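The chain contents come next:
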Amino acid sequence: MSADSTADLLVVRGLVAGYGAAPVLQAIDLTVPAGTIAAVVGANGAGKTTLLRALSGMIRPAAGQVLLAGEDLRGTPVEQLVRRGMAHVPEGRGVISELTVDENLRLGGLWRRDRADAGRALDEVYELFEPLARRRRHLGHQLSGGERQMLALGRALVGRPRLLLLDEPSLGLAPRVVARTMALLRQLRDRTGLTVLLVEQNVRSALAVADQGVVMSLGRVVIAAPAEKLRDDVDLRHAYLGF
Amino acid sequence: MSATRAALPPKQQLVDTGRPVDRRRGSTLLRHLAVVLVVGLLLVGVSYAVEPFRNFQLATVAAYLCATAGLTVLTGLNGQLSLGHGALMATGAYTVALCQNAFADRGMTGGWLLPLSLGAAIVSTVAVGAVVGVAAARLRGPYLAGVTLAVAIVVPALAVTFDGVFNGEQGLSVPVEPPPMALGPYFPYERWQLWLTGAATLLALLLLANLIRSRYGRTFRAVRDDEVAARLAGIHVARTQVLAFVVSAATAGLGGALLAVLAQSVSPGAFSLTLSLFLLMAVVIGGLGRLTGALWGAVLLVALPDLTHSATEMLTLSPAVAQRLEGNLPLAIFGLTLIVVMIAAPGGIQGLLSRLGRRLRARRS
Amino acid sequence: MDRFVFLTIDGLSRGAVYAAFALALVLIWRAARVVNFAQGAMAVAAAYVAYTVSAATGSYWLGFAVALVAGLLLGALVDRVVMRHVDHTSHLNPVIVALGLVLLIQAVLGMVYGNEFRPAEAPFSRSALTVGGVAVLSPYDLFVFATIGVVVSGLAWMFARTPVGLRMRAAAFAPEVSRLLGVNVGGMLTLGWALASGVGALAAMLVIPTELGLHPHAMDLVFVSAFTAAVVGGLDSPPGAVVGGLVVGLLLSYVSGYAGSDLTPLAVLVLLLAVLLVRPGGLFAPVTARRV
């Protein structure tokens, strides 16, 4: 990990959050350097989705700090986060099924002042995801699972984010589609310097693309290590991932 | 039985007085009977202690209480919102008027005629309530509110449409016999009115209270909280909803009939949409789903216009302004209170009281 | 036959107003899942403001414009001050609060203006022009058709083609996702209330001169008719609301023309019950009613 703190795009310190009285997240510390992919893995109920929701402000943290490029995000309304450069693709992907593909995509760039660049970003997404261009006028609910995945990712990219939060991108998709998605993330990282925080149940494919692996259990980070170490060290794998 | 109980929500101790269920001892029916007897005796005592006008006001409270109690069972316990209870009251009121007029025209007299008319009022309202209830059981939320709103606006208009029977805007008079001679020649008429309406209302409340604590009451609540769970627990949801509506309609009909007997006349103006909204407001402010809340609501319905009347009299206003204020100020207060209560204290007066009581008990122990 | 033509035109003219009012109901229903039972009272309040302005300045059109602005503001106010703070977990709560608003608004209007009918002038003649000896439609009917046509197509264009329309639709369909995409969902909701209330005020301005006049309860029956229209079209469908409004307007016109105007409230009730019992999702609903 880089020691230079300005290179860390996302820094989380002592984050406590939850729904109601008992916190789900208990003092989470996490650092994601710019231009890397971090994969948060762990069992059901470990608090992975809650972590993402707390980062994007969908639930208010009870304590702790979230810094995006050194800026404290406390008190920033959810709808302002895209303007800070954070895009969150929620669980189940959040394609608005009553809107068309084109409308969904345009929605991702509506907040931008630079209309010309928003238009360019839209064109780029259509180039990146060829099938979407063919289905511009189709409604969200007419798409296949893989197409929805593309739409959700593309919609986030239209906003040209610095940090992309992805919640379970592999959920319900065929292995081939999952592999393609993961490869795409890697490609985006290399080409545009996109930083990704990815939450996954599918440990193998997540660790395959990630630079950093973060294992969560019962609301805590139990280990954060380079992904290849987690992937290849048999003892670590046995201890934290159970395979 | 056990399946029904399994479907019950944890909210059940909210019903009634807010005390935990396990503290209750003995038969529910006996306990309710005892309460009714005590209240009845108190009422008789009060009827001798206060002036005739107060007797009349108390009688009006009793009549409204019939309707609000029925509405609180329907809305609070069964989750069905009815804006049409004013129209159901009108049904009861007009039935009593028609019956009493028919008896008077035939020269029939006797103490049993009025109960007969009241019974007829209940039967006719039950019939109307069953029709609306069957429709209501298929409807949810805003649709149900919309239909009952339409009922509330349309039914009073029917009195004008069929003015051959209902005598249009003028309405009908309701001939009522004087108090029985056995009570003495100088027995105040208002005291007799209080006895009549008090007895009828207490009887209705006794039946309602037992219903609430019975298996049916539990199914009402189960359907309100989760229709799917209730259905899985073997409850016939639609039948339960119709039953709740019919019970509620019956008490509303009785309340309307008693109001007609008190006023000795009925007219469509008395049963406008505003009355329906008043009833709803009364049960919400009193505390939805609680019979004691219905009582607070009924008291408010009588007391608030009276209070604003005295308040406007204290101010020196031109007659025109005073007249505008008098009709509308209570409405404005009702509306505002309704909004504030819904936002700030959804439990209503009774909710606040039981919270206060719990806090006091907690401090003592 | 002449009478039929006359009643049809009259029904369409009335129906256009119901359509606009029903559209306003649908707008709020789609945005907030609330049937705004206070819409009639709010619209009447805006009409009273117009009445005051017109009486003070002598200009109908100034009053008309002020009514629309007052409607917009009242809608935003109701959302921000009242509805925003209501617990929406039970569907009963917003309905009850809306009814509280009905009581409050009507009472305040009664206190300020009194509970008597005030004559409301129409800006154009209401006597029908005759074409070939048949009374067809009045200049006022033309005005109603034109105004509502402009408003309905304007709304349709706004929702389908403009960024703010896209935001409003997105906020209504998926509030959480929309926030993540930078949409100010609360603001869109307030805008929805304002627009709906403005359209309601417009409908009130158009319908009140054709009825008994201005009165705190002037829109009660119009509200029930418009609610019926919205239900006929399916509460979720703006085009359905327009068609529903025309259907209800025609029905009421025929009933009052052939069977007596006393029967129109009953006809509305029967239609509402019939639609809800036979096709609860509205005549155009692709899916059947919610099953529990």
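*Asks:* With reference to specific residues and values, describe the overall build of chain A.
*Replies:* When you go through chain A residue by residue, the secondary structure sums to 10 helices and 10 strands. What you see for chain A is a C-alpha radius of gyration of 17 Å, in line with the 18 Å of a compact globule of 243 residues. Dimensions of chain A, computed from the C-alpha atoms along their principal axes, are close to 50 × 40 × 35 Å. Among the 243 residues that make up chain A, the fraction classed as buried is 46%. Of the contacts made within chain A by residues no fewer than 6 positions apart, 69% connect residues no fewer than 24 positions apart.

*Asks:* Please give an account of the sheet that holds strand 5 (residues 71-72) of chain A that cites residues and values.
*Replies:* Residue and element names in this part refer to chain A. With antiparallel pairing, the four strands of this open sheet are ordered in space as 2-1-4-5. A single partner strand is all that each edge strand has here, and the edge strands are strand 2 (25-33) and strand 5. Of the pairings in the sheet, the one linking strand 4 (residues 63-68) to strand 5 comprises two bridges and is antiparallel in character. In the strand pairing of strand 5, Leu67 is matched with Asp72.

*Asks:* Which residues make up the interface of chain C and chain A, and what are the values?
*Replies:* Facing the 14 residues of chain C at the interface are 17 residues of chain A. Counting only elements with at least two residues in the side of chain C that touches chain A, the list comes to helix 6 (163-173) and helix 7 (175-180) of chain C. Residue contributions to the side of chain C that touches chain A peak at six residues, all from helix 6 of chain C. Considering only residue class, the side of chain C that touches chain A consists of nine nonpolar, two polar and three charged.

*Asks:* If you had to explain the sheet that holds strand 8 (residues 195-200) of chain A to someone new, which residues and values would you point to?
*Replies:* All names here are of chain A. Taking strand neighbours across the sheet as the criterion, the six strands line up as 6-7-8-3-9-10 in an open arrangement whose pairing is mixed. At either end of the open sheet lies a strand with only one pairing partner, and these are strand 6 (86-89) and strand 10 (220-226). Across the sheet, the axes of successive neighbouring strands diverge by a mean angle of 15°, strand direction being ignored. Note: strand 3 (residues 37-42) against strand 8, five bridges, orientation parallel.

*Asks:* Give me helix 14 (residues 319-344) of chain B: which residues, what numbers.
*Replies:* Taking 1.5 Å per residue, 26 residues should reach 38 Å; helix 14 of chain B reaches 36 Å between its end C-alpha atoms and fits that length. Along helix 14 of chain B, the largest kink reaches about 40° and is centred on Asn328 of chain B; proline Pro330 of chain B follows within four residues of it.

*Asks:* Residue-level account of the pairing of strand 3 of chain A, with values.
*Replies:* Residues and elements named next belong to chain A. Extensive coverage of strand 3 is indicated by the burial of six of its six residues. Because side chains alternate across strand 3, one face comprises the buried residues Ile37, Ala39 and Val41, and the other comprises Ala38, Val40 and Gly42, equally buried. Bridge count between strand 3 and strand 9 (residues 212-217): five bridges; the pairing is parallel. Bridge assignment links Val40 to a residue of strand 9, and that residue is Val214.

*Asks:* If you had to explain the arrangement of the chains to someone new, which residues and values would you point to?
*Replies:* The highest contact count of any of the two pairs of chains in contact belongs to chains B and C. Spatially, chain A and chain B are disjoint, and the shortest separation between their C-alpha atoms is 18 Å.

*Asks:* Which residues make up the interface of chain B and chain C, and what values go with them?
*Replies:* Across the contact, 43 residues belong to chain B and 43 residues belong to chain C. When residues of the side of chain B that touches chain C are traced back to their parent elements, those giving at least two are helix 6 (141-161), helix 10 (227-232), helix 12 (273-286) and helix 14 of chain B. Here the side of chain B that touches chain C gets 15 residues from one element, more than from any other, and that element is helix 6 of chain B. Broken down by class, the residue content of the side of chain B that touches chain C amounts to 33 nonpolar, six polar and four charged.

*Asks:* I'd like a rundown of unusual backbone geometry, residues and numbers included.
*Replies:* Its identity as a non-glycine residue notwithstanding, Leu218 of chain A has a phi of 45°, on the positive side. Relative to the helices and strands, Leu218 of chain A resides in the loop between strand 9 and strand 10. The phi torsion at Arg33 of chain C lies on the positive side, around 55°, for a residue other than glycine. Of note, Arg33 of chain C is situated in the loop between helix 1 (2-32) and helix 2 (39-57). By the C-beta count within 10 Å, which is 14 here, Arg33 of chain C ends up partly exposed.

What counts and what doesn't
- Residues numbered from 1 in each chain as written.
- Chains lettered and ligands numbered in written order.
- Predicted model: local features only at pLDDT ≥ 70, side-chain atom pairs only at ≥ 80, totals over all residues.
- Helix = DSSP H or I, 4+ residues; strand = E, 2+ residues; numbered from the N terminus.
- Rg over C-alpha atoms; globule rule 2.2 N^0.38 Å.
- Buried ≥ 20, exposed ≤ 12 C-beta atoms within 10 Å, placed from the backbone.
- Contact = placed C-beta atoms within 7 Å.
- Pairing = 2+ DSSP bridges.
- Nonpolar A, V, L, I, M, F, W, Y, C, P; charged D, E, K, R; others polar.
- Axes fitted to C-alpha atoms, helices over the stretch in contact; angles between N-to-C directions.
- Expected span 1.5 Å × (residues − 1).
- Bend = angle between axes of the 7 residues up to and from the residue.

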